[in-house]
Structure formats: structure tokens, C-alpha cells
Amino acid sequence: MSIIRSQVIGCGAYLPDRILTNAELAKTVDTSDEWIASRTGIRRRHIAKDGETTVDLALKAAERAMADAKIGADQLDLIVVATTTPNETFPSVATSVQARLGMTRGAAFDVQAVCSGFIYGMAVADNFIKAAQAKTILLIGAETMSRLMDWTDRTTCVLFGDGAGAVVLQAGEGKGDSTDRGVFNTKLYSDGRLHDLLYVDGGPSTTGTAGHLRMLGKEVFKHAVINIADSIEAAVRDSGVTVADIDWFVPHQANQRILDATARRLKVPAERFISTIAEHGNTSAASVPLALDVAVNDGRIKHGDLVLLEAMGGGLTWGAALLRW
Ligand code: ACO
């Protein structure tokens, strides 16, 4: 039996030039490189310069992913951007990217699931392809989290960074078994009762301002490992493979301790978890495609590898996607 599979045909990423180290941060808030690195694994993060926006970062990642896929804007049916830091409340980042790519057909919209945004976007894109409503989709995760920081709050400002990553997904043919290339499963979850654990204290309908990110870090941490491990197991169930078969885990980069604890819970070697946390910090919806791009370019992720993407973020939202590269 032949079935439609959403296959990744290209990926790309972009990080702003400006690097902010832990040591520099320690000059402005009461913290240290030792505290940040030992609690989180973060050493530095990239920060967009004045005037450099989420749309700018998204566009650069998109152009690289499209060059890698060897396709032009006229071949795209849909653009999905996962972001929580849009240039404007509306229109979407996706329609701005559409205009700047010179794409004059199809549709474009944003997905808002904070740090889980790229997994949510992957589920949306996969379902559009499986429903034969789109053949070729540009999926981007792009953020300027630095703009949501209270730079006097050491409990949050040391954690986040800016960046963008993108993939091009295209409908391909599969046999319907676990040897196929493409997406096997996406699993999404949320629990809105956990709003107060991680939120932004502003918005158009409340304060009329963008607001600042607020987080009860310890509480988020407690939910992270259990939720992430459960969603990985759910994504693997019924797919014809086991967790032990997965070649590479590409997690949301929130905290190295969460990555290590998840690996231990799943009984897989920590080396199979791609980690970019030291260099990128937490870039929210951009972190999974940024890590993916690093591991593809350094040769770790190769054609035919079984890859698991996962994330958890504000909402709370969480989820996982299983695919063969
Ligand atoms: N430098 C120095 N000390 C600090 C800093 C800092 N930057 N931040 C907090 N501290 C202090 C605290 O004030 C506290 O001091 P006290 O004991 O005197 O009260 C002490 O360090 C311990 O603070 P905790 O919050 O208990 O530290 P913890 O070990 O839990 O680490 C952290 C905090 C890194 C935030 C961790 O809880 C974490 O990573 N949580 C998960 C975050 C996450 O997963 N986010 C993902 C979603 S992000 C999204 O969706 C946008």
C-alpha cells in the first residue's frame, strides 16, 4: 500500500551576530557564569541587534532551508511560523515572510504554542500534507525572546536567546511501514490550568503592552521531564519502532539537566540527545530547528536516521514528533 509521507527536504538556521556571555550578564544582574552553567548548561546566547526582528531572523533561516531543499518561493503552498515574539500583534510573521520571499500564492499563518511551537507547527504541516491540502510547506521557528525579558530579573533573563530555524516539508510516497522516510507520528498536549507557571504579564487585551516573561522555574522543571518522556513514548507507540531504535533526540533546549533527566528516564544514552543549550540558550520555538540544523550540518543526523523532536513550553504545552530523516 502506498501512503503520503511528509518528508524533510531541506533545513536551515540563522543566529544573530551579537553574542552575550554569562560573564557579561553578571555585570548587570546578580549572577555568575558558575551559577548559570551549573544550573542550566548555558554559557552564551545570541541577541538580535536593535531593529533586527523576528521576521528578519525567520527570513534568513527560511532562505537557507529553501536553498538546501533547492526550491523557490513559487513552489511553496504554505508557510507556517511558530513564534511567540511576532513583530506586530497582527499581521502574522508568516505573511511578512511570505511577502519578503516574493511568494504570491498559497497561504501563511503563525502557530502560538511558545517553546512547543515547532512541534505544533510540525503537526499542522504534516496534517496539511497528509490531507493533500498542501504539497510543499515551509515550517519556521523564529524568536526574539530578548524582547520579552525583564533584564533586571536574574531568574529569567539569563535563560533565553534569539534565533530561527526552518525546514521544508514535502509530500512523498511511503509504503506505510517503519522503513519509510518522513513523519510517522506527531503528539500534542496542553494543560491550560498551568498558566501561572510560565506566562507573559502583558498583551493587547490586558495591558496594551508586550509584557515580560514570568516563570516559576522549579515548578516548570517538575512537569518537564515527566511530560516530555510521556509524549516521546506516545509518539513511538504504534509506529513500528521502539525508543531504543531512535538514533537522535532533538529536544527543546531549556535546561541541560532536563535533557539528561529525560535520557535517564527513557534509559537511552545522553549522547543521543542533541544539545546546543550552551551556545544558544533557550530560543523557545526556534530551539528545536536550530539544534536540528547543527546536527545535520555536523554530520550526526544522516538520511535514514530515526529522529525524535520534542518540546515543552508555556501553556503548558508539550509534544513530540517522530520521523525518519
Ligand atoms: N543567578 C544566581 N542565583 C539565582 C539566579 C541567577 N541567575 N536565578 C535564581 N537564583 C537563585 C534564586 O533566587 C534562589 O535563591 P534562594 O535559594 O536564596 O531563594 C536559588 O538561586 C535557587 O533558585 P531555584 O529557582 O530554586 O533554582 P533551580 O535550581 O530550580 O534552577 C531554573 C532555576 C534554571 C530556572 C530551573 O528551575 C529550570 O530550568 N526550570 C525549567 C525551565 C524550563 O524548562 N523552561 C521551558 C519552558 S520555557 C518557555 O516555554 C518559554
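It should be emphasised that the depicted structure is a prediction, and the values quoted were computed from it without experimental measurement.

Visitor: Explain the pattern of salt bridges here, please?
Guide: Side chains bearing opposite charge may pair, as long as their charged atoms lie close to each other. Within this structure, the stated rule accounts for 14 salt bridges. Between Glu279 and Arg44 there is a salt bridge; the shortest N-O distance is 2.9 Å. Here Glu279, found in helix α9 (residues 277-280), pairs with Arg44, found in strand β3 (residues 44-46); they are 235 residues apart in sequence, far enough to count as distant. The class for Arg44 is partly exposed, based on a relative accessible area of 27%. Because the salt bridges share partners, they merge into one network encompassing Asp150, Asp153, Asp201 and Arg214.

Visitor: Please clarify how helix α2 (residues 33-40) should be interpreted in this entry.
Guide: Three or four residues apart is the spacing at which side chains of an α-helix point the same way, because the helix has 3.6 residues per turn. Those residues of α2 that fall on the buried side of the exposure criterion are Ile36, Ala37 and Thr40. What you see down the axis of α2 is that its buried residues fit within an arc of 100°, all on one side. Of the residues flanking the end of α2, it is Gly41, one or two places downstream, whose phi is positive at about 90°.

Visitor: Got a minute to help me understand the site of the ligand in this structure?
Guide: Neighbouring the ligand are 26 residues; Thr31, Arg39, Cys115, Arg154 and Asn255 lie closest to it. A distance of 2.7 Å separates a nitrogen atom of the ligand from a polar side-chain atom of Thr31. A distance of 3.0 Å separates an oxygen atom of the ligand from a polar side-chain atom of Lys218. Its free accessible area being 1,000 Å², the ligand has 76% of it covered by the protein chains. Element by element, the count of residues in the shell around the ligand is highest for helix α7 (residues 217-236), at four residues. Residues that form the shell around the ligand fall into these classes: 13 nonpolar, eight polar and five charged. The residue makeup of the shell around the ligand includes at least three contributed by each of domain 1 (3-174) and domain 2 (182-324).

Visitor: Can you help me understand the packing of aromatic side chains in this one?
Guide: Given two aromatic rings, their pairing is described by the distance between the two centres and the angle made by the two planes. Evaluation of the coordinates by the stated rule reveals three aromatic pairs. Between Phe249 and Phe273, the ring centres sit 4.6 Å apart and the planes meet at 5°, which makes this aromatic pair stacked. Residue Phe249 is found in strand β11 (residues 248-251), and its partner Phe273 is found in the loop between α8 (256-266) and α9; the two are separated by 24 residues along the sequence. With a relative accessible area of 0%, Phe249 lands in the buried category. A relative accessible area of 5% means that Phe273 is categorised as buried.

Visitor: So what exactly am I meant to see when it comes to the side chain of His252 here?
Guide: Relative to the assigned elements, His252 resides in the loop between β11 and α8. A distance of 3.3 Å separates a polar atom in the side chain of His252 from a polar atom in the side chain of Asn282. One polar contact links His252 to Ser287, side chain to side chain, over a distance of 2.6 Å. In contact with His252, not counting residues within four places along its chain, are Cys115, Leu259, Asn282, Ser284, Ser287, Val288, Glu310, Ala311 and Met312.

Visitor: What should I look at first to understand the environment of Arg264 in this one?
Guide: The topology assignment puts Arg264 in helix α8. Judged by relative accessible area, Arg264 falls into the exposed class, the value being 61%.

Parameters at a glance
- Residues numbered from 1 in each chain as written.
- Predicted model: local features only at pLDDT ≥ 70, side-chain atom pairs only at ≥ 80, totals over all residues.
- Heavy atoms only, no water.
- Salt bridge = Lys/Arg side-chain N within 4 Å of Asp/Glu carboxyl O.
- Helix = DSSP H or I, 4+ residues; strand = E, 2+ residues; numbered from the N terminus.
- Buried < 20%, exposed > 50% of the residue type's maximum accessible area, 1.4 Å probe, protein only.
- Arc of directions from axis to C-beta.
- Near = heavy atom within 4 Å.
- Polar contact = N/O pair within 3.5 Å; in protein donor to acceptor, adjacent residues only side chain to side chain.
- Areas by Shrake-Rupley, 256 points an atom, 1.4 Å probe, with all protein chains shown as cover.
- Nonpolar A, V, L, I, M, F, W, Y, C, P; charged D, E, K, R; others polar.
- Domains from an automatic or database assignment.
- Phe/Tyr/Trp six-rings, centres within 6.5 Å; stacked < 30°, edge-to-face > 60°.
- Contact = heavy atoms within 4.5 Å.

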